[in-house]
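Residues per chain are reported as follows:
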Amino acid sequence: MSIVEQASEVWPSRRRLWIEMIGLFIGVPVLMLIFFGLYPFFPVLVGLAGVAASLLTITPGFRWRQLLQGGLGRHWRIILGFSVVAILAASTLVLWLRPHAFLSMPMQRPGLWLTIMLAYPVLSALPQELIFRALFFHRYGVLFASRAQLVAANAVAFGIGHLFYQNWVAITLSAGAGAVIAWAYGESRSFLLAWVLHAIGGIVLFTAGLGLFFYHGAVAP
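All values derive from a computational prediction rather than experimental measurement.

Rules and cut-offs
Residues numbered from 1 in each chain as written. Predicted model: local features only at pLDDT ≥ 70, side-chain atom pairs only at ≥ 80, totals over all residues. Heavy atoms only, no water. Helix = DSSP H or I, 4+ residues; strand = E, 2+ residues; numbered from the N terminus. Buried < 20%, exposed > 50% of the residue type's maximum accessible area, 1.4 Å probe, protein only. Contact = heavy atoms within 4.5 Å. Areas by Shrake-Rupley, 256 points an atom, 1.4 Å probe, with all protein chains shown as cover. Lys, Arg positive; Asp, Glu negative; His and termini not counted. Charge placed at Lys NZ, Arg CZ, Asp CG, Glu CD. Salt bridge = Lys/Arg side-chain N within 4 Å of Asp/Glu carboxyl O. Axes fitted to C-alpha atoms, helices over the stretch in contact; angles between N-to-C directions. Parallel < 35°, antiparallel > 145°, perpendicular 65-115°, else oblique. Left-handed = near helix turned anticlockwise from the far one by under 90°. Nonpolar A, V, L, I, M, F, W, Y, C, P; charged D, E, K, R; others polar.

K.L.:
Looking at this structure, how should I read the overall build of the chain?
P.N.:
Across its full length, the chain carries nine helices and zero strands. In sequence order, the secondary structure elements of the chain are arranged as α-α-α-α-α-α-α-α-α. Expressed along its principal axes, the backbone C-alpha trace of the chain runs to roughly 60 × 45 × 30 Å. Within the span of the chain, comprising 221 residues, buried residues form 45% of the whole. Across the chain, contacts joining residues at least 24 apart in sequence account for 79% of those joining residues at least 6 apart. For the chain, the accessible area works out to roughly 11,200 Å², and carbon and sulfur atoms hold 72% of it. Computing the positive centroid from 13 side-chain charges and the negative centroid from 5, the chain places the two 7 Å apart.

The structure is reproduced here in structure tokens:
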């Protein structure tokens, strides 16, 4: 083992980890809210994913191959259950808040809808899962006394991460979906499962008509 590898196996102090976590998962979202509209979203997301990747690389015990472990086949019940609940919840919410928007994108703008269906899993769900699940669990999981505390904190962080949308729909749905994805990741340690669940959630959301609450420029209901 090289000197660099040996150094990477030494855990930072808990104080440093708390500062990192609070800065990344509270400080950054607050800054994004304050400067809302003054920055392009996806370059910021890619930059944060780069920071997450750098921190993961120096996290003791973490190996990138871990993200490819834990196949999807044995988790089909979780995927199916999440899909059904997501469809029912999204459909109910959009029919309550914006009935005119129900299925509007695939029906009225099929080209844009198809682009989102293909791009969202890679350009949005993947970097978010790297930040909110892989980094949060592997680097900051040691700060929590139990799995339940870790899942709850992760759900709150995921909700806070969507503050810049400035509407309760985005924040509440993100926290709720984040709790389910965090639980699934904690149980399975399958990054692929978390990624697929996140992608399904986004696809259902935009298909149902809730996308107007989840884009950079969304308005409060």
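K.L.:
Could you clarify how one ought to interpret the pattern of salt bridges in this entry?
P.N.:
A pair can form between side chains of opposite charge whenever their charged atoms are brought close. Summed over the entire model, instances satisfying the criterion amount to four salt bridges. Note that Glu 187 and Arg 147 form a salt bridge whose closest N and O atoms lie 3.4 Å from each other. Placement of the pair is Glu 187 in helix α8 (residues 168-188) and Arg 147 in helix α7 (residues 147-160), with a sequence separation of 40 residues. Salt bridges linked by common partners bring Arg 16, Glu 20 and Arg 139 together as one network.

K.L.:
Whenever I open this one, the packing of α8 against helix α9 (residues 191-208) confuses me. Can you help?
P.N.:
In a packed pair of helices, the relevant descriptors are the angle between the two axes and the axis-to-axis distance. Viewed as axis vectors pointing N to C, α8 and α9 meet at an angle of 160°, and their least axial separation amounts to 8 Å. One finds that α8 runs roughly antiparallel with respect to α9. Here α8 runs over α9; the crossing is right-handed. On the side of α8, the interface is formed by Ile 181, Ala 184, Tyr 185 and Ser 188, while α9 contributes Phe 191, Leu 193, Ala 194, Leu 197 and His 198. Residues that form the contact of α8 with α9 fall into these classes: seven nonpolar, two polar and no charged.

K.L.:
Whenever I open this one, the packing of helix α2 (residues 14-34) against helix α6 (residues 110-140) confuses me. Can you help?
P.N.:
Their axes nearest at 11 Å, the elements α2 and α6 cross at an angle of 165°. Compared by their axis directions, α2 and α6 come out roughly antiparallel. Here α2 runs over α6; the crossing is left-handed. Residues Arg 16, Leu 17, Glu 20, Met 21, Leu 24 and Phe 25 of α2 touch α6, and the partners they reach there are Ile 131, Phe 132, Leu 135, Phe 136, Arg 139 and Tyr 140. A per-class count over the contact of α2 with α6 returns nine nonpolar, no polar and three charged.

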